[in-house]
Amino acid sequence: MSETRGCTHDRAFLTCTIVANAPLFSKPGEGLVTEMAVGWEGPSPQPGQFFMLRLVRSGFLLARPISVSGYTKGLVNFLIAERGKGSRELVQARPGEPIELAGPLGNTWPGLLAQKGNREDRSSINLDNQKPLALLGGGIGIAPLIYLSNYLEPDTFHFYGGFRSSPYGLESIPKEVLTIATEDGSAGYHGRIPDFFNPERYRAVYACGPAPMLKRITELCSQAGVPCTISLEERMACGVGACLGCTIRTTRGNRRCCADGPIFPAEEVLFDV
Ligand SMILES: Cc1cc2nc3c(=O)[nH]c(=O)nc-3n(C[C@H](O)[C@H](O)[C@H](O)COP(=O)(O)OP(=O)(O)OC[C@H]3O[C@@H](n4cnc5c(N)ncnc54)[C@H](O)[C@@H]3O)c2cc1C
Ligand code: FES
């Protein structure tokens, strides 16, 4: 075991410390959502990348993949939604607890220089086309798009957040570029983003969320001839391309979501929903 500036290093995992884990949303039937901050002295994550997370005290063999929702030097942020046993353990973790992180893993949104640590280079976004970008997040799928938005000038993108009920986690998105939709109509547009989204207003669409939403957005973008890129949240085991547990079907054959993605050109993905 070796030491890497505050985190202890054991094989692919660094043992780090949870600095904060604040509840953002909680509702019976929908579970708890928290924003977790972890002390991180490893490589800078790029927008779209994820980490495999596991509490040191966890009884689970497998870590869980969680997207980066924010990063400042020395601190990485995650939005975590309670779904099952693994994510419940993460949302209930307390500040000061040790946590194992492997990453940053996966590819990045297209249009960004893939240079590690080049966080300040905003010129890497191609803005030749005058239309804005559309960032579409469904539920916890907002996480990788929030981090992407940190790299964009506010007048270059519109952000759409879709939720079952109350929205959460969007404080950093300027109100003038934000559209909210809720299925119960309690905030913003009453319905789902694909019910009203018009891709023709945009030069490109970046989306993450439930598979049915991504499938419908892919269809809308295809009909409008607008490039669409999606981030998939497949179930994962190893997270590094070794087990094939996250295989998805594409027009170019089978792909591993963790090692070949999680970001794919939407038109290549063959949805199973
Ligand atoms: C690249 C990537 C990035 C992700 N980013 C985030 C993130 O930023 N925040 C976050 O909260 N979650 C994220 N996820 C999803 C998260 O990893 C899963 O919710 C978590 O692993 C579920 O583990 P569990 O033990 O809680 O659930 P389990 O006990 O394994 O399953 C509980 C229930 O959830 C369902 N489920 C499990 N995994 C998924 C999934 N991936 N998609 C849909 N349903 C699922 C199961 O079918 C089951 O019904 C991401 C996944 C991937 C692949
Ligand atoms: S999770 Fe093992 S190959 Fe992707």
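Residues numbered from 1 in each chain as written. Chains lettered and ligands numbered in written order. Predicted model: local features only at pLDDT ≥ 70, side-chain atom pairs only at ≥ 80, totals over all residues. Heavy atoms only, no water.

**Q** In this structure, what is going on with the packing of aromatic side chains? I would like to understand it.
**A** The tally for this structure, following the rule as stated, stands at 11 aromatic pairs. Considering the side-chain rings of Phe25 and Tyr168, the 5.4 Å spacing of their centres and the 40° angle between planes classify their relative orientation as tilted. Of this pair, Phe25 sits in strand S3 (residues 13-27) while Tyr168 sits in the loop between strand S11 (157-163) and strand S12 (178-182), and the two are 143 residues apart along the sequence. Here Phe25 and Tyr168 have matching classes, each one buried. Measuring from centroid to centroid gives 6.2 Å for Tyr160 and Phe196, while their planes differ by 40°, and the two rings are tilted. Taken together, the residues span a long stretch of sequence, with Tyr160 in strand S11 and Phe196 in helix H3 (residues 193-196) at a distance of 36 residues. By relative accessible area, which is 25% here, Phe196 ends up partly exposed. By the ring-pair criterion, three or more aromatic residues cluster together here, those being Tyr160, Tyr189, Phe196, Phe197 and Tyr202. Taking the ring centre of Phe13 as reference, the NZ or CZ of Arg54 above it sits at 4.7 Å. The lysine or arginine in question, Arg64, covers the ring of Phe60, its NZ or CZ lying 5.3 Å from the ring centre. (Phe/Tyr/Trp six-rings, centres within 6.5 Å; stacked < 30°, edge-to-face > 60°. Helix = DSSP H or I, 4+ residues; strand = E, 2+ residues; numbered from the N terminus. Buried < 20%, exposed > 50% of the residue type's maximum accessible area, 1.4 Å probe, protein only. Lys NZ or Arg CZ within 6 Å of the ring centre and 35° of its normal.)

**Q** Just to check I follow, could you spell out the sheet that holds S11 for this structure?
**A** For sheets, the rule is that strands pair by backbone hydrogen bonds, running either parallel or antiparallel. Spatially, seven strands are ordered S13-S12-S11-S10-S14-S15-S18 in an open sheet, and the strand pairing comes out mixed. Looking at strand neighbours, the two that pair on one side only are strand S13 (189-190) and strand S18 (263-265), the edges of this open sheet. (Pairing = 2+ DSSP bridges.)

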